[in-house]
Amino acid sequence: MPIASRKKRAGGAKRTLVLDAVIVVLAERGYENTRFADVSTASGVAISTLQNYFGSREDMVIEAMELSADREVAALETVATTELDPWERLVAMIDRSLGLSDHDQQMLVEFWRSAMRDDELREYSVEMRMRYQAPFLAALREGSERGAFRLTHKPDDVADFVLSALAGAIISRALHHPSPSPADFRGVLLSQLRLMLGLGG
């Protein structure tokens, strides 16, 4: 179902506060177990009001997931504007991704998991990945054009490698798998990236 036809617009500013509560509940309980009653308890908003805001439980949960994903992409885009040097920009964006809170990691994993089964979320996840990848691609292309990078692979492939590595790290940490520390993982990832950019080890 198209996003525009699925969302209702009741609630105004209060709606965003309610969605913040939905995001908290989602991270704790997951897609299937987030109910109007849970959100009502967390937000202090009556179930009847939630139904007026969102219509169905599913629409409420999906809108919260989309909002959470959009905020994460917007935060990365902001980080990308703070560094003029392409390499330092890549490092800053990687550090932003590796520094996500447990709550934000859980929300991303829940978003990806749910997108496998919901057409709207899947479509939205494609859009979000393209936006998330864009500042990485811009830094890679800019560094190459300046002569600072001597890429051994296409910029799209390098960006895809970095995003796939970061997603894997987020999933492992969200699942509490035994894994290298964030600092150790960062060191390996940056070392590999430097090689791919022709910067040496």
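Report follows, based on the coordinates. Not measured: the values here are computed from a predicted model.

### Quick word on the packing of helix H2 (residues 12-29) against helix H3 (residues 36-43)
One can describe the packing of H2 onto H3 by two numbers: an axis separation of 9 Å at closest approach and a directional angle of 120°. Classified by the interaxial angle, the pair formed by H2 and H3 is oblique. Seen from above, H2 lies across H3 with right-handed handedness. Here Val 18, Ala 21, Val 22, Val 25 and Arg 29 of H2 lie close against H3, whose contacting residues are Asp 38, Val 39, Ala 42 and Ser 43. Of the residues contributing to the contact of H2 with H3, the split by class is 6 nonpolar, 1 polar and 2 charged.

### Description of the side chain of Arg 57
As for its position among the elements, Arg 57 is in helix H5 (residues 57-80). A distance of 2.8 Å separates a polar atom in the side chain of Arg 57 from the backbone oxygen of Tyr 31. Excluding residues that lie within four positions of it along the chain, Arg 57 makes contacts with Tyr 31, Glu 32, Thr 34, Arg 35 and Phe 36.

### Considerations on the pattern of salt bridges
Counted under the stated rule, the structure contains 16 salt bridges. In this structure, the salt-bridge partner of Asp 70 is Arg 131, at a minimum N-O distance of 2.6 Å. You can see Asp 70 sitting in helix H5 and its partner Arg 131 sitting in helix H8 (residues 119-146), a full 61 residues away along the chain. Its relative accessible area of 23% is what places Arg 131 among the partly exposed residues. Notably, a salt bridge pairs Glu 142 with Arg 89, separated by 3.1 Å at the nearest N-O pair. Separated by 53 residues along the polypeptide, Glu 142 in helix H8 and Arg 89 in helix H6 (residues 86-98) bring together distant segments of the chain. Given a relative accessible area of 23%, Glu 142 falls into the partly exposed group. Judged by relative accessible area, Arg 89 falls into the buried class, the value being 8%. Through salt bridges with shared partners, one network takes in Arg 29, Arg 35 and Asp 38.

### Observations regarding the packing of H2 against helix H4 (residues 47-54)
Two elements in contact, H2 and H4, have axes separated by 11 Å at closest approach and are oriented at 110°. Relative to H4, H2 is oriented roughly perpendicular. Across the interface between the two elements, Lys 14, Arg 15, Val 18 and Leu 19 of H2 pack against Leu 50, Tyr 53 and Phe 54 of H4. Residue composition of the contact of H2 with H4, by class: 5 nonpolar, no polar and 2 charged.

### Quick word on the packing of aromatic side chains
Evaluated as defined, the whole model comprises 2 aromatic pairs. Seen from their ring centres, Tyr 132 and Phe 136 are 6.2 Å apart, and the 35° between their planes marks the pair as tilted. With Tyr 132 and Phe 136 both in helix H8 and 4 residues apart, this pair spans about one turn of that helix. By relative accessible area, Tyr 132 is classed as buried at 13%. The buried category is assigned to Phe 136, whose relative accessible area is 1%. Taking the ring centre of Tyr 31 as reference, the NZ or CZ of Arg 57 above it sits at 5.4 Å. Lying over the aromatic face of Trp 87, Arg 194 brings its terminal NZ or CZ to 5.3 Å of the ring centre.

The rules we used
Residues numbered from 1 in each chain as written. Predicted model: local features only at pLDDT ≥ 70, side-chain atom pairs only at ≥ 80, totals over all residues. Heavy atoms only, no water. Axes fitted to C-alpha atoms, helices over the stretch in contact; angles between N-to-C directions. Helix = DSSP H or I, 4+ residues; strand = E, 2+ residues; numbered from the N terminus. Parallel < 35°, antiparallel > 145°, perpendicular 65-115°, else oblique. Left-handed = near helix turned anticlockwise from the far one by under 90°. Contact = heavy atoms within 4.5 Å. Nonpolar A, V, L, I, M, F, W, Y, C, P; charged D, E, K, R; others polar. Polar contact = N/O pair within 3.5 Å; in protein donor to acceptor, adjacent residues only side chain to side chain. Salt bridge = Lys/Arg side-chain N within 4 Å of Asp/Glu carboxyl O. Buried < 20%, exposed > 50% of the residue type's maximum accessible area, 1.4 Å probe, protein only. Phe/Tyr/Trp six-rings, centres within 6.5 Å; stacked < 30°, edge-to-face > 60°. Lys NZ or Arg CZ within 6 Å of the ring centre and 35° of its normal.

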